[in-house]
Amino acid sequence: MAIKRILTHPGGAHKDEFLACSVMIALHAAPVVRREPTADDLADPSVCVIDVGGQHDPIRNNFDHHQLPRDGVPTCALSLVLQHLGLYEDARLAFEWLETAEWFDVQGPTRTAEWLGVERRVISQLNSPIDIAMLRHFAGSNAWDHGDPLYEMMQFLGDDMVFYLQTLRKRMENIADSSELWTVEVGEEKFSALFLPRQDQMADEPSMGLGQYVYLRGLEKQVAALIYPDRRSAGYGLSRFQDHPRLDFTRTKGNSDVHFAHAGGFVAKTTATEPERLRELLVQAWS
């Protein structure tokens, strides 16, 4: 059944219902109303009720988590929506922020900090001004629809999330089929690097693709570097994987074929295309 309205709670806005609404906007392009639901709303499957109403009933498109036991697995409104869409398991693979968002929404910042093993103030230090501004504006109106800049941004955000999740498996399969796992020797030492060759059709920015990070999950202690096609040139980008401490690409900036090396040392761009030359630059960056 087509959804004609997305309904969520009034008052202060939070990341879980904002993102859950964004996903539903991407799939149904329905307006968002912020008020308490009526019994008719909860009974009507064409009204998607998110993060309010005290019911989790996917058949009727009701996705509230507040009635769930607090000592259970942290589950927020976004979790429930993604589970209903069959995207949750891939979301947990691709979006490392999701579990933290679940903890924060259910357990609050103090217990989330304890779970993460950090001081409470770290949670505040990681607050994004983008999150703050968008949530504040979302809370500032009781209705959002096509033509509203924030609504269009939510649709863009939801489209992006759904697209990545729906194509994640294909991305991983493509990486498995096309990539090469290099062994790079530096004297008596050696490390691994994932090489992504240039293809005729590049679906998105190769250096930012989620698939490669999910594909490499569990290999963090082995793989140190990524080599991927640079969209701004015919060459390649070189970056350290999971901020590997032994690679510093500022060591390569004196080469004529390296046209950019970030001062932070974590990435460089080269016009080189031959695998042997790319390996040489990785060796130079190793310390």
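Here the structure is shown first, and the text comes after it.
Note on numbering: residues in each chain are counted from 1, in written sequence order. Per-residue local features are limited, in this predicted model, to residues with pLDDT of at least 70; the limit for side-chain atom pairs, both in listing and counting, is 80 or more; totals at the level of whole chains, interfaces and linings are taken over all residues. Note that the side-chain values use all heavy atoms of the structure and ignore hydrogens as well as water.

(A) Local environment of the nonpolar core. The set of buried Ala, Val, Leu, Ile, Met, Phe, Trp, Tyr and Cys residues whose side-chain atoms join them within 4.5 Å is what this entry labels a nonpolar core. Relative accessible area decides the class of each residue, using a 1.4 Å probe on protein chains only: under 20% of the type maximum gives buried, over 50% gives exposed, and in between gives partly exposed. Ranked by internal contacts, the top residues of the largest apolar core, which has 40 residues, are Ile6, Phe18, Val32, Ile50, Leu78, Leu82 and Phe138. Mapped by element, the contributors of at least two residues to this core are α1 (15-28), β3 (47-50), α3 (77-84), α4 (88-94), α7 (129-139) and α8 (149-178). Working definition: helices are DSSP H or I runs of at least four residues, strands are E runs of at least two. Numbering for both runs from the N terminus. Examining the composition of this core, we find that 8 residues originate from one element, α8, more than from any other. Any pair of residues with heavy atoms lying within 4.5 Å of one another is described as a contacting pair. When residues no more than four places from it in sequence are discounted, the contact partners of Ile50 are Ile6, Leu7, Thr8, His9, Glu17, Ala20, Cys21, Met24, Phe63 and Ala77. Core analysis: the second largest hydrophobic core is formed by 22 residues, Trp182, Val184, Tyr236 and Ala261 among them.

(B) Representation of the sheet that holds strand β5 (residues 62-63). Strand order in this open sheet of 6 strands is β4-β5-β3-β1-β2-β6, and the pairing throughout is mixed. For this open sheet the edge positions go to β4 (56-57) and β6 (143-144), each flanked by a neighbour on one side alone. Any two strands with at least two DSSP bridges between them are considered paired. Pairing analysis gives 4 bridges linking strand β1 (residues 5-8) to β3, with the strands arranged parallel. Across the sheet, residue Ile6 finds its bridge partner in β3, namely Cys48.

(C) Region of interest: helix α10 (residues 275-285). Of the residues making up α10, those classed as buried are Leu278, Leu281, Leu282 and Ala285. Buried residues of α10, seen end-on, are gathered within an arc of 100 degrees and therefore sit on one face of the element. Elements in contact with the buried residues of α10: β7 (180-186), β8 (189-195), β9 (223-229), β10 (236-240), β11 (258-261) and β12 (267-270). Along the arc lie the directions from the helix axis toward the C-beta atoms.

(D) Looking closely at the pairing of β10. Most of β10 is tucked away: 5 of the 5 residues are buried. For β9 and β10, the ladder comprises 5 bridges, and the chain directions are antiparallel. Pairing of Pro229 across the sheet is with Tyr236, part of β10. Bridge count between β10 and β12: 4 bridges; the pairing is antiparallel. Looking across to β12, one finds that Leu238 is bridged to Ala268.

(E) Representation of the sheet that holds β10. Read across the open sheet, the 6 strands follow the order β7-β8-β9-β10-β12-β11; overall the sheet is mixed. The outermost strands of the open sheet, each flanked by one partner alone, are β7 and β11. Averaged over all adjacent pairs, the angle separating strand axes in this sheet is 25 degrees, with direction ignored. Note on method: axes are straight lines fitted to C-alpha atoms, helices fitted across the in-contact stretch only, with angles between N-to-C directions ranging 0 to 180 degrees.

(F) Here's a closer look at the pattern of salt bridges. Here, a salt bridge means any Lys or Arg side-chain nitrogen found within 4 Å of an Asp or Glu carboxyl oxygen. Counting across every chain of the model gives 14 salt bridges. Between Asp57 and Arg60 there is a salt bridge; the shortest N-O distance is 2.9 Å. Among the residues examined, Asp57 registers a relative accessible area of 18% and is labelled buried. Using a relative accessible area of 38% as the deciding quantity, one classes Arg60 as partly exposed. The salt bridge involving Glu99 is made with Arg92; its shortest N-O contact spans 3.3 Å. Exposure remark for Arg92: the relative accessible area of 29% places this residue in the partly exposed category. Members of the salt-bridge network, linked through shared partners, are Arg5, Arg35 and Asp41.

(G) Focus on the environment of Phe95. Here Phe95 lies in the loop between α4 and α5 (97-116). Linking Phe95 and Tyr164, residues 69 residues apart in sequence, is a C-alpha distance of 9.9 Å.

(H) Fine view of the packing of α1 against α7. One can describe the packing of α1 onto α7 by two numbers: an axis separation of 11 Å at closest approach and a directional angle of 75 degrees. With respect to α7, the axis of α1 lies roughly perpendicular. Within the contact between the two elements, α1 uses Lys15, Glu17, Phe18 and Cys21 and α7 uses Asp131, Met134, Leu135 and Phe138. Residues are grouped as follows: Ala, Val, Leu, Ile, Met, Phe, Trp, Tyr, Cys and Pro are nonpolar; Asp, Glu, Lys and Arg are charged; every other residue, Gly included, is polar. Of the residues assigned to the contact of α1 with α7, the class counts are 5 nonpolar, no polar and 3 charged. By the definition adopted for this analysis, an angle is roughly parallel if under 35 degrees, roughly antiparallel if over 145, roughly perpendicular if from 65 to 115, and oblique otherwise.

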